[in-house]
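Next come the chains, spelled out residue by residue.
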Amino acid sequence: MAVSVSAPVLSLCYNQSGELSRRLGYRLAKKVGFSSGRRSVSYIGFGSDKVGRFRVRVPICRAVPPLLFKDLDADDFRHPLDKQNTLLLRAIPGLNEFGKAVLGSMTEQIMLLENIGTSVLVSKNQLSDLHGLLVEAAEILNIEAPDLYVRQSPVPNAYTLAISGKKPFIVVHTSLIELLTRAELQAVLAHELGHLKCDHGVWLTFANILTLGAYTVPAFGQMIARTLEEQLLRWLRSAELTCDRAALLVAQDPKVVVSVLMKLAGGCPSIADQLNVDAFLEQARSYDKASSSPLGWYIRNAQTSQLSHPLPVLRAREIDEWSRSLEYRSLLKRANRISTVQKV
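Throughout, residues of each chain are indexed from 1 in the direction in which the sequence is written. Only residues with pLDDT of 70 or above have their local features reported here, since the model is predicted, and side-chain atom pairs are shown and tallied only from 80 upward, although totals for entire chains, interfaces and linings are computed over all residues. Heavy atoms from the whole structure form the basis of all side-chain values; hydrogens and water molecules are not counted.

**Q** Got a minute to help me understand the overall build of the protein in this structure?
**A** Only runs of H or I of at least four residues qualify as helices and only runs of E of at least two qualify as strands under DSSP, and these elements are numbered from the N terminus. A count of helices and strands for the protein gives 14 helices and nine strands. Accessible surface is estimated by sampling points in the Shrake-Rupley manner with a 1.4 Å probe; for residues, cover comes only from the protein chains shown. Total accessible area on the protein stands at roughly 16,700 Å², and carbon and sulfur atoms take up 57% of it.

And the structure:
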């Protein structure tokens with residue numbers, strides 16, 4: 001696939017009516033060509049299997065400038081299940097140090113060269129609109145902005161790689177850009193930044209490679225691999241819930257985050273404006289009711305035990321509940337408003 005990109009510079013400036021001063025966007029126009037045939041390894045993803053089509057983007061419209069969390073710590077928004085499962089992984093002696101040693105500079109160099117060679121590096125001078133979304137999200141979460149790449153792919157996805165304390169990077173697929181609004185796209189970037197804020201990168205990459213290697217050892221090695229894989233998938237599902245919270249801290253509107261999850265579950269650009277967030281949340285509540293019986297509970301666990309991500313309806317319910325929690329409201333009270341003059 002080949003792609004032509006047009007991206008006029010767009011400043012995120014606010015006025016009293018809550019509308020942006022310009023309503024320009026960019027679009028991605030697909031042309032038939034050759035696929036790259038790339039094969040990628042060990043990523044933290046915010047993905048789906050749905051294929052999108054071209055659409056015109058519009059800027060984020062906020063009634064007021066976003067809140068900024070200057071003293072934000074990862075544990076301020078980490079999900080309780082993430083805390084619990086992280087402690088279980090850390091209880092394995094030397095696992096974290098060994099993982100960083102195994103995955104050091106070689107893996108990082110391979111992935112760096114692959115992205116430089118096959119993707120578009122976002123910067124002030126390249127897709128500056130996307131760059132502004134990333135920088136603002138990183139500022140809100142009190143984290144250094146990583147590199148950001150845009151890669152041609154029909155599978156809506158975004159993922160992060162972070163190894164050995166080196167500068168990490170995020171990759172966003174073109175089909176995800178086409179599927180989401182700008183506010184939703186920034187929420188996805190914030191989700192990926194949440195992985196970096198919570199130091200999830202090394203755990204996931206190491207887990208995938210270690211599990212694959214353990215399966216090559218007969219009998220005992222396979223048993224270890226299966227046990228480790230179960231623990232890691234359980235941890236990863238809980239880590240995704242944490243990063244959905246990071247997305248909410250940046251979007252500062254739960255409907256934006258829920259809309260992303262809804263679109264990844266069953267959205268495409270041609271019907272995006274017909275999707276209803278409230279109806280999707282009601283669907284999530286009906287799933288809880290349907291799985292409340294002993295048989296439903298068993299089926300639900302069987303359905304999710306081998307997934308790397310929680311079901312979209314469960315993620316939507318979780319983020320909706322957290323948005324109304326005292327914990328979230330306390331974080332908002334601690335935050336400071338980004339200066340309107342600074343953004344203009």
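**Q** Would you explain a nonpolar patch on the surface in this entry?
**A** Taken together, the side chains of Leu 295, Trp 297, Tyr 298 and Ile 299 define a hydrophobic patch exposed on the protein surface, amounting to about 510 Å² of accessible area. As for its placement among the helices and strands, Trp 297 is situated in helix α11 (residues 294-304). To count toward a patch, a residue needs a relative accessible area above 30% and no salt bridge. Like charges then connect within 9 Å, nonpolar side chains (Val, Leu, Ile, Met, Phe, Trp, Tyr) within 5 Å. Salt bridge, as used here: a side-chain nitrogen of Lys or Arg that lies within 4 Å of a carboxyl oxygen of Asp or Glu.

**Q** Would you take a moment to explain the packing of helix α4 (residues 128-140) against helix α6 (residues 182-197) for this structure?
**A** The relative placement of two packed helices comes down to the angle between their axes together with the axis-to-axis distance. Following both chains from N to C, one finds α4 and α6 inclined at 50 degrees, their axes separated by 9 Å at the closest point. As far as their axial angle goes, α6 and α4 are oblique. Where α4 crosses over α6, the two elements pack in a sense that is right-handed. Here Asp 129, Leu 130, Leu 133, Leu 134, Glu 136, Ala 137 and Ala 138 of α4 lie close against α6, whose contacting residues are Arg 182, Leu 185, Gln 186, Leu 189 and Leu 193. Gly counts as polar in this scheme, as do all residues outside two lists: the nonpolar Ala, Val, Leu, Ile, Met, Phe, Trp, Tyr, Cys and Pro, and the charged Asp, Glu, Lys and Arg. Split by residue class, the contact of α4 with α6 holds eight nonpolar, one polar and three charged. Lines fitted to C-alpha atoms define the axes here, with helix axes fitted over just the stretch in contact, and angles between the N-to-C directions of these axes take values from 0 to 180 degrees. Angles are sorted into four bins: roughly parallel if under 35 degrees, roughly antiparallel if over 145, roughly perpendicular if 65 to 115, and oblique for all others. Each crossing gets its handedness from the near helix: less than a right angle anticlockwise from the far helix is left-handed, clockwise is right-handed. Every residue pair with non-hydrogen atoms within 4.5 Å of one another is taken to be in contact.

**Q** Any chance you could explain the pairing of strand β7 (residues 158-161) here in plain terms?
**A** Consecutive residues of a regular strand have side chains that alternate between opposite faces of the sheet. Burial along β7 is two-sided: the face carrying Ala 158 and Thr 160 and the face carrying Tyr 159 and Leu 161 are both buried. Alignment of β7 against strand β8 (residues 169-173), held across four bridges, turns out to be antiparallel. If you follow Ala 158 over to β8, its bridge partner there is Val 172. Any residue under 20% of the maximum accessible area for its type is buried, any over 50% is exposed, and the rest in between are partly exposed; the area is computed with a 1.4 Å probe on protein chains only. Two strands qualify as a pair provided that DSSP identifies no fewer than 2 bridges between them.

**Q** Can you walk me through the pairing of β8 in this structure?
**A** Extensive coverage of β8 is indicated by the burial of five of its five residues. Residues Phe 169, Val 171 and His 173 point to one face of β8 and Ile 170 and Val 172 to the other, with burial holding for every one of them. Of the pairings in the sheet, the one linking strand β6 (residues 147-151) to β8 comprises five bridges and is parallel in character. Of the residues in β8, the one forming a bridge with Leu 148 is Ile 170.

**Q** I would appreciate a short explanation of the packing of aromatic side chains in the present structure.
**A** Aromatic ring pairs are described here by two measures, namely the spacing of the ring centres and the angle between the planes. A pair of Phe, Tyr and Trp rings is counted when the ring centres sit within 6.5 Å of each other, with Trp represented by its six-membered ring. The angle between the planes then sorts it: under 30 degrees is stacked, over 60 is edge-to-face, the rest tilted. Using the criterion set out here, one finds two aromatic pairs in the structure. The interplanar angle of 80 degrees and the centroid separation of 5.6 Å between the aromatic rings of Tyr 149 and Phe 169 together place this pair among those described as edge-to-face. Of this pair, Tyr 149 sits in strand β6 while Phe 169 is found in strand β8, placing the two residues 20 residues apart along the sequence. Using a relative accessible area of 2% as the deciding quantity, one classes Tyr 149 as buried.

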